[in-house]
Amino acid sequence: MTPLRLLPWTTPEGKPCYLSTDNDESMLSLLADDVEEAQLHSGEQVLAGARAVLADTKSGERAVRFALTRATESLSDVLRIAASRGARIQTTDCRGE
């Protein structure tokens with residue numbers, strides 16, 4: 001049985017989405033890879049922005065709250081990506097590949 005891949009998006013209700021395929025080159029697999037790459041790139045930009053806000057002693061509460069909100073969204077994305085990739089690594093290791 002092919003393990004399910006946790007996808008980098010959720011349903012409109014916030015529930016996780018999974019993909020069952022034995023083809024890492026399928027259209028949906030490649031789309032998920034692209035979305036993960038975009039989320040990681042966005043996370044890098046959010047981190048840079050948050051660092052800039054925190055380094056500016058004149059940053060107001062709104063700027064700090066905005067930076068923290070975006071940072072928590074990005075962290076959530078990164079943790080989902082890590083969980084998805086970690087599960088795929090463990091499955092690969094179990095097969096002895």
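Basis of the calculations
Residues numbered from 1 in each chain as written. Predicted model: local features only at pLDDT ≥ 70, side-chain atom pairs only at ≥ 80, totals over all residues. Heavy atoms only, no water. Helix = DSSP H or I, 4+ residues; strand = E, 2+ residues; numbered from the N terminus. Buried < 20%, exposed > 50% of the residue type's maximum accessible area, 1.4 Å probe, protein only. Contact = heavy atoms within 4.5 Å. Areas by Shrake-Rupley, 256 points an atom, 1.4 Å probe, with all protein chains shown as cover. Expected span 1.5 Å × (residues − 1). Salt bridge = Lys/Arg side-chain N within 4 Å of Asp/Glu carboxyl O. Polar contact = N/O pair within 3.5 Å; in protein donor to acceptor, adjacent residues only side chain to side chain. pLDDT = per-residue confidence, 0-100.

J.: How do you make sense of the overall build of the protein chain when you look at a structure like this?
T.: Of the regular secondary structure elements, the protein chain holds 2 helices and 2 strands. Burial analysis of the protein chain (97 residues in total) assigns 20% to the buried set. Here the analysis covers contacts within the protein chain between residues at least 6 apart in sequence; of these, 53% occur between residues at least 24 apart. Accessible surface computed for the protein chain: about 7200 Å², of which carbon and sulfur atoms make up 58%.

J.: Would you mind going over helix H1 (residues 27-55) with me for this structure?
T.: Within an α-helix, residues lying three or four positions from one another point in the same direction, as the helix has 3.6 residues per turn. Over its 29 residues, H1 runs 42 Å from end to end, which matches the ideal 42 Å to within 8%, given 1.5 Å per residue. Here H1 has its buried residues at Ser-29, Ala-32, Glu-36, Gln-39, Gly-43, Val-46, Ala-50 and Val-53.

J.: What exactly am I supposed to notice about the pattern of salt bridges here?
T.: Opposite charge on two side chains permits pairing when their charged atoms draw close. Inspection of every chain in the model, using the stated rule, returns 5 salt bridges. In this structure, Arg-88 engages Glu-36 in a salt bridge whose closest nitrogen and oxygen atoms are separated by 3.6 Å. Here Glu-36 lies in helix H1 and Arg-88 lies in helix H2 (residues 61-95), a separation of 52 residues in the sequence. Classification of Arg-88 as partly exposed rests on a relative accessible area of 28%. Across the pair Glu-73 and Arg-70 runs a salt bridge whose closest N-O atoms are separated by 2.7 Å. Placement of the pair is Glu-73 and Arg-70 together in helix H2, with a separation of 3 residues, close to one helical turn. In this structure Arg-70 comes out as partly exposed when scored by relative accessible area, which is 27%. Through salt bridges with shared partners, a single ionic network connects Arg-5, Asp-33, Glu-36, Arg-85 and Arg-88.

J.: Looking at this model, I keep getting lost on the environment of Thr-10. Mind explaining?
T.: Take Thr-10: it is sitting in strand E1 (residues 4-10). Sequence-distant contacts of Thr-10, that is, excluding residues within four places in its chain, are made with Lys-15, Cys-17 and Arg-80.

J.: Help me understand the side chain of Ser-26 in this model?
T.: Position of Ser-26 among the secondary structure elements: in the loop between strand E2 (16-20) and H1. Look at Ser-26 and you get buried, because its relative accessible area is 16%. Engagement of the side chain of Ser-26 in a polar contact is seen with the side chain of Ser-29, the distance being 2.9 Å.

J.: What am I meant to see in the side chain of Gln-39 here?
T.: Summarising the element assignment, Gln-39 is placed in helix H1. Exposure remark for Gln-39: the relative accessible area of 14% places this residue in the buried category. Discounting chain neighbours no more than four positions away, the residues touching Gln-39 are Pro-8, Asp-77 and Ile-81.

J.: How do you make sense of the confidence of the model for the protein chain when you look at a structure like this?
T.: A low pLDDT means the predicted coordinates there should not be read in detail. Across the protein chain, the average pLDDT comes to 91, with 90% of residues at or above 70. When the elements of the protein chain are averaged for pLDDT, H2 gives the smallest value, 88, and H1 the largest, 97.

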